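# Structure assessment
Okay, here's what each chain looks like letter by letter:
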Amino acid sequence: MDLPRIFTIRESSHRIHNPLTPDKLAALGRALRLPPGTRVLDLASGSGEMLCTWARDLGFTGTGVDISTVFTEQARARAVELGVADRVEFVHGDAAGHVSGEPVDLAACVGATWIGNGVAGAAELLGRSLRPGGLMLIGEPYWRRTPPDQETAEACHATGPADFLPLPELIEHFGGLGYDVVEMVLADQDSWDRYCAAQWLNLRRWLDRNPDDELAPEVRAELTTEPARYARYMREHLGWGVFALMRR
Ligand SMILES: C[S@@+](CC[C@H](N)C(=O)[O-])C[C@H]1O[C@@H](n2cnc3c(N)ncnc32)[C@H](O)[C@@H]1O
C-alpha cells in the first residue's frame, strides 16, 4: 500500500501538495478562528505541512493519515523540525474509511476527496470524526472557466467536464449536502504555478540523476509536454480552493 513513485518524483521538493502557497495556508488557519488546543484530523495529510505549521503557529494538535510512506516520513521529520512532534502524529495508512477514536474539532480532507468517492462521501466520512458543531475542511477543484470540450477537460486531469463544478455551483452543492460554507481560501494562477511549475524542475533534476530508471521515459515525456499543456489548459480552466463547512 503506497503512492505510485511518479508522484513522489514529481512533488519531491513540495511541502504543500496542493496549489496553496505557505501564505495562503497560514491565512486559512487564521481565518478559522479556532483556539489553541484545537484537535485536528487530516485525512490524506501529505507531507504534513498544514498540521505542522498550524500546530506551531496556532497551537493545534492532531493526527494526519496518508497512504504515501515517503510523504508520511517527511511529515514526521517536519514535525521534529518545527518542534511540534509532541502535538502531531502521522499515520501511514489508507484514509478511506478512517474515523478517529475521539471526536475532533476540525476534520480535513484537502485535495483527496476521492477517498470518499467524491465531495459528498468525503464530507460524510469527515463528519463521522467530527464533534457536533465542529468545522470541516474540504479542498477541491472547480472550473474557473467551464471546459468547452472533452479534450480540454481531460487536459485538466478530469475524465470530463462533469467531474467538477463552477465555483458558485460547488458552494451550492455543499449547501445541498446540508453544510454552511463559512470560509474559503482559493488558489490563484500564481499559486497554481508554485504547485505545478515547481514540479518541472523536480522532474528534470530526477531525470538527470536517473537516466536509466524504468520511469525515465515516462518522466521525459511528461517534462516535454507538461509545461505547455498546463499553460494552455489547466492554468486557464482549473480553480482550486479549501472550503470550511459547518453542519446546518
Ligand atoms: C493532492 S495531495 C494532498 C496532500 C495534502 N493534503 C496537502 O494538501 O499537502 C493528495 C494526497 O492524498 C494521499 N492519498 C491518496 N490516496 C490516499 C488514501 N487512499 N488514503 C490516504 N492518503 C491518500 C497522497 O499520498 C497525497 O499525499
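Our structure is the block above this text.
Residues numbered from 1 in each chain as written. Predicted model: local features only at pLDDT ≥ 70, side-chain atom pairs only at ≥ 80, totals over all residues. Heavy atoms only, no water.

## Side note on the overall build of the protein chain
Filter applied, for reference: Helix numbering and strand numbering both begin at the N terminus, where a helix is a DSSP run of H or I of at least 4 residues and a strand a DSSP run of E of at least 2. Each radius of gyration reported is based on C-alpha atoms, and the globular scaling rule is 2.2 Å times the count of residues to the power 0.38. Throughout, a residue-residue contact means that at least one pair of heavy atoms, one from each residue, lies within 4.5 Å. Computed with a 1.4 Å probe, the accessible areas rest on the Shrake-Rupley method; for each residue, only the protein chains presented here act as cover.
Helix and strand content of the protein chain: 9 helices and 7 strands. At 18 Å, the protein chain has a C-alpha radius of gyration in line with the 18 Å of a compact globule built from 248 residues. The dimensions of the protein chain, computed from C-alpha atoms along their principal axes, are 50 × 40 × 30 Å. When contacts within the protein chain are restricted to residue pairs at least 6 apart in sequence, those whose partners lie at least 24 apart make up 76%. Surface summary for the protein chain: the accessible area is close to 11,600 Å², and the carbon and sulfur share equals 53%.

## Some remarks on the sheet that holds strand β2 (residues 61–66)
This is how it is decided: Two strands are said to pair when DSSP picks up at least two bridges between them. Note on geometry: axes are lines fitted to C-alpha atoms, helical ones only across the stretch in contact, with angles between N-to-C directions running from 0 to 180 degrees.
In spatial order, the strands read β3-β2-β1-β4-β5-β7-β6; together these 7 strands make up an open sheet with mixed pairing. A single partner strand is all that each edge strand has here, and the edge strands are β3 (88–92) and β6 (179–186). Pairs of neighbouring strands in the sheet enclose a mean axial angle of 20 degrees, with direction left out of account. Where strand β4 (residues 104–110) and strand β5 (residues 130–143) come together, 6 bridges link them in parallel fashion. Across the sheet, the residue bridging to Val-104 is Leu-130, located in β5. The strands touched by helix α3 (residues 49–58) are β1 (39–43), β2, β3, β4 and β5; relative to β3, the strand with the most contacts, the crossing angle is about 170 degrees.

## Overview of helix α5 (residues 119–127)
Side chains three or four residues apart in an α-helix point the same way, a direct result of the helix having 3.6 residues per turn. As a reminder of what qualifies: Relative accessibility thresholds used throughout: buried, under 20% of the residue-type maximum; exposed, over 50%; partly exposed, between the two (1.4 Å probe, protein chains only). What the arc covers is the set of directions going from the helix axis to the C-beta atoms.
For α5, the complete set of buried residues consists of Val-119, Ala-122, Ala-123, Leu-125 and Leu-126. End-on view of α5: buried residues confined to an arc of 160 degrees, all on one side of the axis. Summarising the contacts, the buried residues of α5 are in contact with β1, β4, β5, α7 (167–176) and β6.

## Remarks on the packing of aromatic side chains
The condition that has to hold: Two aromatic rings from Phe, Tyr or Trp, using only the six-membered ring of Trp, form a pair when their centres are within 6.5 Å; if the ring planes differ by under 30 degrees the pair is stacked, by over 60 it is edge-to-face, and anything between is tilted. Here, a charge over a ring is recorded when the distance from Lys NZ or Arg CZ to the ring centre is within 6 Å and its angle to the ring normal is within 35 degrees.
Under the definition given, this model contains 5 aromatic pairs. Between Trp-54 and Phe-60, the aromatic rings sit 6.1 Å apart at their centres with planes inclined by 85 degrees, giving edge-to-face as the arrangement. Taking the centre distance of 6.3 Å and the plane angle of 45 degrees together, the rings of Trp-192 and Tyr-195 count as tilted. On the criterion of helical spacing, the pair formed by Trp-192 and Tyr-195 is a turn pair, its members being 3 residues apart in helix α8 (residues 189–209). Using a relative accessible area of 5% as the deciding quantity, one classes Trp-192 as buried. Residue Tyr-195 is classed as buried on the basis of its relative accessible area, which comes to 14%. For Arg-10, the ring lying beneath its charged end belongs to Phe-7, and the centroid distance is 5.3 Å.

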